[in-house]
Amino acid sequence: MWKRDEAVKPTNGQPATPAPVVSTPSTSTSAAPQPENRRIERDMVNIGKSVVIKGELNGSEDLTIEGQVEGKIELKDHVLTIGPNGKIKAAVFAKAVIVLGEVNGNVNASEKVDIRDGGSVDGDIIAPRVAIAEGAHFRGSVDMQRKGGQPVAKETQKAASPSAPQAPAQPQAAAH
């Protein structure tokens, strides 16, 4: 019983026992994470602190910026992360934007904009979802468009249809 208790205690009390845990799962897990890490590396690009880019930046991968970018950033189907050291003076177009650094310019996201603690945005935001953390800075306007812009357009068209006959009648009456 002492041997059974000792065998049970290390697995429950200490999650990593050298012999059983390392031998069997490590071979299967060491083979699996490497391809996953390679996929992540292929799908994500980092721009370091010392890099300065002026002009247009387009891509088809998730991007993290720690350096400086001036101009235009376009990642329409991907996530843009501005790191704590990132300084952006650009119009930004992305699926999602996460701001930990500074952004000066308008931000347009098809899914969401997240300004985290310490992040700063000076410009207008257009996104269906916007999150601004306590300790973040934001100066500008927010337009929280719905994903399907058509339902909003239909509502405005319905509202415009009954008022459209009245609107021309009023200016005509005012003109006479």
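The structure this text deals with has already been given above.
Caption draft 1: Molecular detail of the overall build of the chain. Across its full length, the chain holds four helices and 12 strands. In the chain, which comprises 176 residues, the proportion classed as buried is 22%.

Caption draft 2: The nonpolar core, seen in detail. Within the largest apolar cluster, 23 residues are counted, with the highest numbers of intra-cluster contacts made by Ile65, Ile73, Leu80, Ile88, Val97, Val107 and Val113. At the level of elements, strand S3 (62-65), strand S4 (68-82), strand S5 (87-99) and strand S7 (107-115) are the ones that each hand at least two residues to this core. Broken down by element, the residue count for this core peaks at six residues, all from S5. Excluding residues within four positions of it along the chain, Ile73 makes contact with Leu57, Ile65, Leu80, Ile88, Ala90, Ala91, Val92 and Phe93.

Caption draft 3: Highlighting the pairing of S5. In this sheet, S5 lies alongside S4 in parallel orientation, the contact comprising 12 bridges. Opposite Gln68, over in S5, you have Lys87 as the bridge partner. By the bridge criterion, seven bridges tie S5 to S7 in an arrangement that is parallel. Within S7, the position partnered with Val92 by the bridge is Val107.

Caption draft 4: Layout of the environment of Lys95. Structurally, the position occupied by Lys95 is in strand S5. For the pair Lys95 and Val79, spaced 16 residues apart in sequence, the C-alpha to C-alpha distance is 5.7 Å.

Caption draft 5: Fine view of the pattern of salt bridges. Summed over the entire model, instances satisfying the criterion amount to four salt bridges. Of the charged contacts, one joins Glu74 and Lys76 as a salt bridge, the two residues approaching to 3.6 Å between their closest N and O atoms. The class of Lys76 is exposed, set by a relative accessible area of 52%. A salt bridge links Asp114 to Arg116; the shortest N-O distance between them is 2.8 Å. Note on Asp114: relative accessible area 13%, which makes it buried. Residue class for Arg116 comes out partly exposed when judged on its relative accessible area of 34%. In this structure, a network of salt bridges that share partners links the residues Lys72, Glu74 and Lys76.

Quick notes on the rules
- Residues numbered from 1 in each chain as written.
- Predicted model: local features only at pLDDT ≥ 70, side-chain atom pairs only at ≥ 80, totals over all residues.
- Heavy atoms only, no water.
- Helix = DSSP H or I, 4+ residues; strand = E, 2+ residues; numbered from the N terminus.
- Buried < 20%, exposed > 50% of the residue type's maximum accessible area, 1.4 Å probe, protein only.
- Core = buried A, V, L, I, M, F, W, Y, C linked by side-chain atoms within 4.5 Å.
- Contact = heavy atoms within 4.5 Å.
- Pairing = 2+ DSSP bridges.
- Salt bridge = Lys/Arg side-chain N within 4 Å of Asp/Glu carboxyl O.

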